[in-house]
Amino acid sequence: MTTVDTSARPAAGWALRMRDAAPARPPLVRLVCVPYAGGGAAAFHSWSELLPATIEPWAVRMPGRDARLQEPLRTDLLATARELAEALAPELTGPYAFFGHSLGAFLAFETVRALRGLGLPEPVLLAVSARNAPQHRTYAGSVHRLPDDEYLDVLDRRYGAIPPLLREDAQMRAMYLPILRADTTMLETYRYTPGPVLDCPVLAYGGVDDPETTTASLAAWAEVTGAGCGTLLLPGGHFFLQPSRERLLTHLSAELLRALVP
């Protein structure tokens, strides 16, 4: 059974260390996991069961949900990335990596850039998932401004992940819909600004049945790094994280440990 290390709350509340027990040896690398739109730290609670003890997963906790429910929601991706970078910077004293799914892919990428701007070494690996490269504007739009029912219909058609309870339960709708809408705003208003390429490798994952990404569109992440980009499609749609969790983490673990070798 997975337990959360609630005694250690790094990064001023922005992240939780997810682990079963204190490892016999210090981990070789910290893996900062950034959730998808509407998601929270719970998306990664079970990862410590499948990751080796050499990899310590951290789950990012976004404002306005979970233990940070009373904080204002964020709608500006670049500003949020800067906040996250400033909170994480004192904790990233050794090798680290990022994994971001969907919206989290852009947020992870911009946080890495912000950390570099703060003078920190880059991660050993940036893993992105279910998102095309940021320099190609494929997510601009105004879905976040649609009336509630239309908004949920669009998200359901696009991602197939809107539970019936969100439509039927007024209390659930009032609590969760603002989170989804804020995150969608963050995604649709984000604008990539060209800059120096990253020095770390990028690994881009996608779902075989996700209509939004292809091997070619994921491979375009190679344009933002000078250290190479690998791609891998796994069974499932946009949220292949669940059906392909074991395959994803087995592959990611191997790539992370390989990246640690000079």
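These figures come from a predicted structure and were not determined experimentally. (Residues numbered from 1 in each chain as written. Predicted model: local features only at pLDDT ≥ 70, side-chain atom pairs only at ≥ 80, totals over all residues. Heavy atoms only, no water.)

Visitor: I keep staring at the overall build of the chain and nothing clicks. Help me out?
Guide: For the chain, the count of helices and strands is 8 helices and 7 strands. Taking 262 residues into account, the globule formula puts the C-alpha radius of gyration at 18 Å, and the chain, at 17 Å, falls close to it. In terms of principal-axis extent, the alpha carbons of the chain reach across some 50 × 40 × 35 Å. Put simply, the chain has 262 residues, and 51% of those count as buried. Relative to all contacts within the chain whose residues are 6 or more apart in sequence, the contacts with residues 24 or more apart total 78%. Here the chain has roughly 11500 Å² of accessible surface; of this, 55% comes from carbon and sulfur atoms. Counting 24 positive and 28 negative side-chain charges, the chain places the centres of these two groups 3 Å from one another. (Helix = DSSP H or I, 4+ residues; strand = E, 2+ residues; numbered from the N terminus. Rg over C-alpha atoms; globule rule 2.2 N^0.38 Å. Buried < 20%, exposed > 50% of the residue type's maximum accessible area, 1.4 Å probe, protein only. Contact = heavy atoms within 4.5 Å. Areas by Shrake-Rupley, 256 points an atom, 1.4 Å probe, with all protein chains shown as cover. Lys, Arg positive; Asp, Glu negative; His and termini not counted. Charge placed at Lys NZ, Arg CZ, Asp CG, Glu CD.)

Visitor: So what exactly am I meant to see when it comes to the environment of Met186 here?
Guide: As for its placement among the helices and strands, Met186 is situated in helix α6 (residues 170–189). The contact partners of Met186, leaving out residues within four places of it in the chain, are Met62, Arg74, Thr75, Asp76, Leu77, Thr80 and Leu103.

Visitor: I would appreciate a short explanation of the nonpolar core in the present structure.
Guide: Looking at soluble globular proteins, one finds that nonpolar side chains tend to be buried together. Counting 51 residues, the largest nonpolar core has Leu88, Leu92, Phe98, Leu115, Leu126 and Trp221 as the members making the most contacts within it. Broken down by element, the residue count for this core peaks at 9 residues, all from helix α3 (residues 103–117). If near-sequence neighbours (up to four positions away) are discounted, Phe98 is found in contact with Leu31, Val32, Val34, Leu88, Ala108, Thr111, Val112, Leu115, Leu125, Leu126 and Ala127. Grouped together as the second largest cluster of nonpolar side chains are 27 residues, Leu16, Trp47, Ile55 and Tyr205 included. (Core = buried A, V, L, I, M, F, W, Y, C linked by side-chain atoms within 4.5 Å.)

Visitor: Help me understand the side chain of Arg17, please; the structure alone is not making it clear to me.
Guide: Turning to its location among the elements, Arg17 is positioned in strand β1 (residues 15–17). By relative accessible area, Arg17 is classed as buried at 14%. Within the structure, the side chain of Arg17 is placed 3.4 Å from the side chain of Glu91, a separation counted as a polar contact. (Polar contact = N/O pair within 3.5 Å; in protein donor to acceptor, adjacent residues only side chain to side chain.)

Visitor: What exactly am I supposed to notice about the sheet that holds β1 here?
Guide: Across a sheet, paired strands are connected by hydrogen bonds in the backbone, their directions being either parallel or antiparallel. Pairing is mixed in the open sheet, where 7 strands are placed in the order β1-β3-β2-β4-β5-β6-β7. Each end of this open sheet is capped by a strand with a single partner; those strands are β1 and β7 (229–234). This sheet shows a mean twist of 20° between the axes of neighbouring strands, independent of strand direction. Relative to β7, strand β6 (residues 202–207) is paired through 6 bridges, and the arrangement is parallel. Pairing of Val202 across the sheet is with Cys229, part of β7. (Pairing = 2+ DSSP bridges. Axes fitted to C-alpha atoms, helices over the stretch in contact; angles between N-to-C directions.)

Visitor: How should I be thinking about the packing of aromatic side chains in this particular structure?
Guide: Aromatic ring pairs are defined here through the distance separating the ring centres and the angle between the ring planes. The full count for this structure, using the stated rule, is 9 aromatic pairs. Pairwise contacts between aromatic rings join Phe106, Phe109, Tyr190, Tyr192 and Trp221 into one cluster. It is Arg68 that lies over the ring of Trp14; its NZ or CZ is 4.2 Å from the centre. Directly above the ring of Tyr151 sits Arg181, whose terminal nitrogen or CZ lies 4.5 Å from the centroid. (Phe/Tyr/Trp six-rings, centres within 6.5 Å; stacked < 30°, edge-to-face > 60°. Lys NZ or Arg CZ within 6 Å of the ring centre and 35° of its normal.)

Visitor: Looking at this structure, how should I read the pattern of salt bridges?
Guide: Pairing between side chains of opposite charge can happen when the charged atoms of each approach one another. Per the counting criterion, the structure on display carries 12 salt bridges. For Glu56, the salt bridge goes to Arg17, with nearest N and O atoms at 3.9 Å. Highlighted residues: Glu56 in strand β3 (residues 55–60) and Arg17 in strand β1, separated in sequence by 39 residues. Considered together, Glu56 and Arg17 belong to a single accessibility category, that of buried residues. Put simply, Glu122 and Arg116 hold a salt bridge, and the shortest N to O gap is 3.3 Å. (Salt bridge = Lys/Arg side-chain N within 4 Å of Asp/Glu carboxyl O.)

Visitor: Is there a simple way to think about the pairing of β3 in this case?
Guide: Successive residues of a regular strand alternate their side chains across the two faces of the sheet. The buried count for β3 comes to 6 of 6 residues, which makes it a mostly enclosed element. Both faces of β3 are covered, namely the face carrying Ile55, Pro57 and Ala59 and the face carrying Glu56, Trp58 and Val60. Alignment of β1 against β3, held across 3 bridges, turns out to be antiparallel. Following the sheet pairing, Ala15 is matched in β3 by Val60. Here strand β2 (residues 29–34) runs beside β3; their pairing, made up of 5 bridges, is parallel.

Visitor: Teacher, can you tell me more about helix α2 (residues 77–88) here?
Guide: Since the α-helix advances by 3.6 residues per turn, residues separated by three or four positions end up pointing in the same direction. Between its first and last C-alpha, α2 extends 16 Å over 12 residues, near the 16 Å set by a 1.5 Å rise per residue. Among all positions of α2, only Leu77, Thr80, Ala81, Leu84, Ala85, Ala87 and Leu88 are buried. End-on, the buried residues of α2 take up no more than an arc of 165°, which puts them together on one face. Packing partners of the buried residues in α2 comprise β1, β2, β3, β4 (96–101), α3 and α6. One side-chain oxygen of the residue at the start of α2 lies 3.1 Å from the amide nitrogen of Leu78, identifying that residue as Asp76. (Expected span 1.5 Å × (residues − 1). Arc of directions from axis to C-beta.)

Visitor: Quick question: what am I supposed to make of unusual backbone geometry here?
Guide: A negative phi angle is the norm for most residues apart from glycine, just as the trans form is the norm for most peptide bonds. Although it is not a glycine, Ser102 sits at a positive phi angle of roughly 60°. Counting through the fold element by element, Ser102 comes out in the loop between β4 and α3. Ser102 gets classed as buried once you look at its relative accessible area, which sits at 4%. The phi dihedral of Ala130 is positive, around 60°, even though this residue is not glycine. Within the fold, Ala130 resides in the loop between β5 (125–129) and α4 (148–159).

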